[in-house]
Amino acid sequence: MFKLLRYFSLTSFVSVVIVAGVLGVFYREIAVHSLVAMGETNNSAVARILANSLWPELAPYLAAAETLPSDGLATHPDHDRLSAAVTAHLQGLSVAKVKVYDLNGRTLFSTEARQIGEDKSDNAGFRGARYGSVTSELTHRDEFSGFERAIVNADLLSTYIPVRQTSDGAIQAVFEIYDDVTPFLARVERTQRMVMVAVFSILCVLYGVLFVIVRHADGVIQRQYRQRDAAERALRRAQHTLEQRVEARTVELARANA
């Protein structure tokens, strides 16, 4: 006999878990995509503000950097002024690091001084920004050296932004802005858990209602099965009795005719 209640319970539980998990993952994907889009917009705005505000310090430094070896960039007099100006503009923001590249991919400036002079020409984000695209990447770092302090277990959105002196002018440099989005991603994950719990709870309530209905239906089926089984047994007994009577009558008739 088909075990309706057993199969319903098993398939329903598996379905509830799968649906809650899928909806939780789906929510997280949408939320993270929105977070990246919003963070990219914010990083682009920070880059524009920095470029506009720091152009008097940045332009001479960019020009001088073209003739300087990589190990001489950090000791150039304009570097300290540029670093102080960047730090002043970033106070109170969630920006963890700022880097400036020339069009060849060389790191001309970084709030982490030891990275100055590094070659990022083969980086896909830099190459995209070099030709006018804004690209972002969300990564998790166990340890990250920010311009104010070391950050541990951080979720960072790094955005490569082309910098122009005018809106329709040629690209002068590429900025890379690192934004610490750890609190926002933690909020997304908390909300994801809440969504999964809420969906799971709603589906469990629905499961409970359906369980009562299916249990009642299963009880009806069980009773019908027992009634059918009893009727079949009674029919077999009646058939057996009839066969015995027919056989006995046949014997009697045979004796009478003899």
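In this text, all values refer to a predicted model and were calculated from it rather than measured experimentally. (Residues numbered from 1 in each chain as written. Predicted model: local features only at pLDDT ≥ 70, side-chain atom pairs only at ≥ 80, totals over all residues. Heavy atoms only, no water.)

Student: Tell me about helix α2 (residues 77–90), and name the residues and values.
Tutor: In an α-helix, one turn spans 3.6 residues; hence positions three or four apart end up facing the same way. Helix length check: α2, at 14 residues, gives a terminal C-alpha distance of 21 Å against a target of 20 Å (1.5 Å per residue), a fit within 8%. Listing the buried residues of α2 in full gives Asp78, His79, Leu82, Ala85, Val86 and Leu90. What you see down the axis of α2 is that its buried residues fit within an arc of 135°, all on one side. The exposed residues of α2 that point more than 90 degrees off its buried face are Pro77, Asp80 and Ala88. After α2 finishes, the residue glycine 92 shows a positive phi value of roughly 85°. (Helix = DSSP H or I, 4+ residues; strand = E, 2+ residues; numbered from the N terminus. Expected span 1.5 Å × (residues − 1). Buried < 20%, exposed > 50% of the residue type's maximum accessible area, 1.4 Å probe, protein only. Arc of directions from axis to C-beta.)

Student: Explain unusual backbone geometry to me, using residue names and the numbers behind them.
Tutor: Phi at asparagine 153 is positive, roughly 50°, even though this residue is not glycine. Inspection of the secondary structure puts asparagine 153 in strand β4 (residues 150–164). Asparagine 153 sits in the partly exposed class, given a relative accessible area of 47%.

Student: Describe the side chain of arginine 106, and please don't skip the residues or the numbers.
Tutor: Position of arginine 106 relative to the elements: it lies in the loop between β1 (95–101) and β2 (107–110). Arginine 106 sits in the buried class, given a relative accessible area of 16%. With near-sequence residues (within four places) excluded, arginine 106 lies in contact with Ala65, Glu66, Leu68, Pro69, Ser70, Leu73, Val100, Tyr101, Gly117 and Glu118. (Contact = heavy atoms within 4.5 Å.)

Student: Describe in detail the nonpolar core, supporting the description with residues and values.
Tutor: Membership of the largest hydrophobic core comes to 26 residues, with the highest contact counts inside it found for Leu50, Phe175 and Ile177. Elements represented by at least two residues in this core include exactly α1 (4–65), α2, β1, β2, β4 and β5 (171–180). Sort the elements by how many residues they give to this core and α1 lands first, with 10 residues. Ranked by size, the runner-up nonpolar core spans seven residues in total, among them Ala31, Val181, Leu185 and Val188. (Core = buried A, V, L, I, M, F, W, Y, C linked by side-chain atoms within 4.5 Å.)

Honestly, it's all geometry; don't read function into it.
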